Amino acid sequence: MQMKENIGKYVKLELSGKKILSGMLVDVGSDLWVLFNGQDYLYIPSIHCQNWQYLKQDEIEEITFSNEPNPLDHHNEEISLRKTLTAAKGIFTEIYITSKQTLHGYILSIMNNYFVFYSPIYKTMFISLNHLKWLIPYTNNIRPYGLNNSSLPVNPNNITFARSFEVQIDKLTGELVIFNIGENDNVIGKIQTIKNNFVELITAKEEPVFLNLQHIKTVHMA
């Protein structure tokens, strides 16, 4: 079955990490599904969808729908993850990666296999494209945390970005960093070296921890 045939139908998706999302399927692209849950438009990389099923009538009736327009109007063009990220640059967004928490801010730049995200809480972050579970563009010009322009700089720093996620991490050798939004103590420390696809991190107690690059989802400076 072509997933495009289900546009306009109500579905329930189970994503990696046992996350459940429900709503109306409003668009399907080469590597991306768009779900409207009644309030927000969720852009979901299809690679993270473990399974899906149709919603039952009583589940549909539980959804309260608003008339919010989609902030990312694609003008009937074929959508993709990279096109969506490009269209979302500078727009306030909510994204979900890991650690049972969402990130709020805006995309600064899109590189080969990661993107640069500015969060008022974590500041400049480097986020692997492979681990992005969903993106929600803000509606009604809402600002994260009610902040004003001075708190949300357009160019927050003068960092030059590498083309790949791995090289960007290598550029941070010797710096104190936090991986994966600090989900445990073993992902916070100073980058010592990067060898054979593993990052050697020196923790607060000066113990080396070796992290697989493929499992690093986010990076930000401590």
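All figures in this text were calculated on a predicted structure; none of them were measured in a lab.

Engineer: Give a description of the pairing of strand β1 (residues 10-15) that names residues and reports values.
Structural biologist: The two faces of β1 differ: V11, L13 and L15 on one face are buried, but Y10, K12 and E14 on the other face are not. By the bridge criterion, six bridges tie β1 to strand β2 (residues 19-28) in an arrangement that is antiparallel. Across the sheet, residue K12 finds its bridge partner in β2, namely S22. Following β1, the chain reverses through three residues before pairing antiparallel with β2; G17 in that reversal takes a positive phi of roughly 85°.

Engineer: Can you lay out the environment of L132 for me, pointing to particular residues and giving the numbers?
Structural biologist: In this fold, L132 is placed in the loop between β9 (123-128) and β10 (134-137). It is 22 Å that separates the C-alpha atoms of L132 and L172, two residues lying 40 residues apart in sequence. Apart from residues no more than four positions distant in its own chain, L132 is found in contact with P45, H48, L81, L85, I95, Y96, I97 and F115.

Engineer: A description of the packing of aromatic side chains should follow, citing residues and the corresponding values.
Structural biologist: Counting across every chain of the model gives 12 aromatic pairs. With centroids separated by 6.5 Å and ring planes inclined at 85°, the aromatic side chains of F115 and F117 adopt a geometry described as edge-to-face. You can call F115 buried: its relative accessible area is 0%. With a relative accessible area of 0%, F117 lands in the buried category. With a centroid separation of 6.0 Å and 70° between ring planes, the pair formed by F126 and F161 is classed as edge-to-face. A residue pair is termed long-range when its members are at least 10 positions apart, and F126 in strand β9 and F161 in the loop between β10 and α3 (165-171) qualify at 35 residues.

Definitions and limits used
- Residues numbered from 1 in each chain as written.
- Predicted model: local features only at pLDDT ≥ 70, side-chain atom pairs only at ≥ 80, totals over all residues.
- Heavy atoms only, no water.
- Buried < 20%, exposed > 50% of the residue type's maximum accessible area, 1.4 Å probe, protein only.
- Helix = DSSP H or I, 4+ residues; strand = E, 2+ residues; numbered from the N terminus.
- Pairing = 2+ DSSP bridges.
- Contact = heavy atoms within 4.5 Å.
- Phe/Tyr/Trp six-rings, centres within 6.5 Å; stacked < 30°, edge-to-face > 60°.

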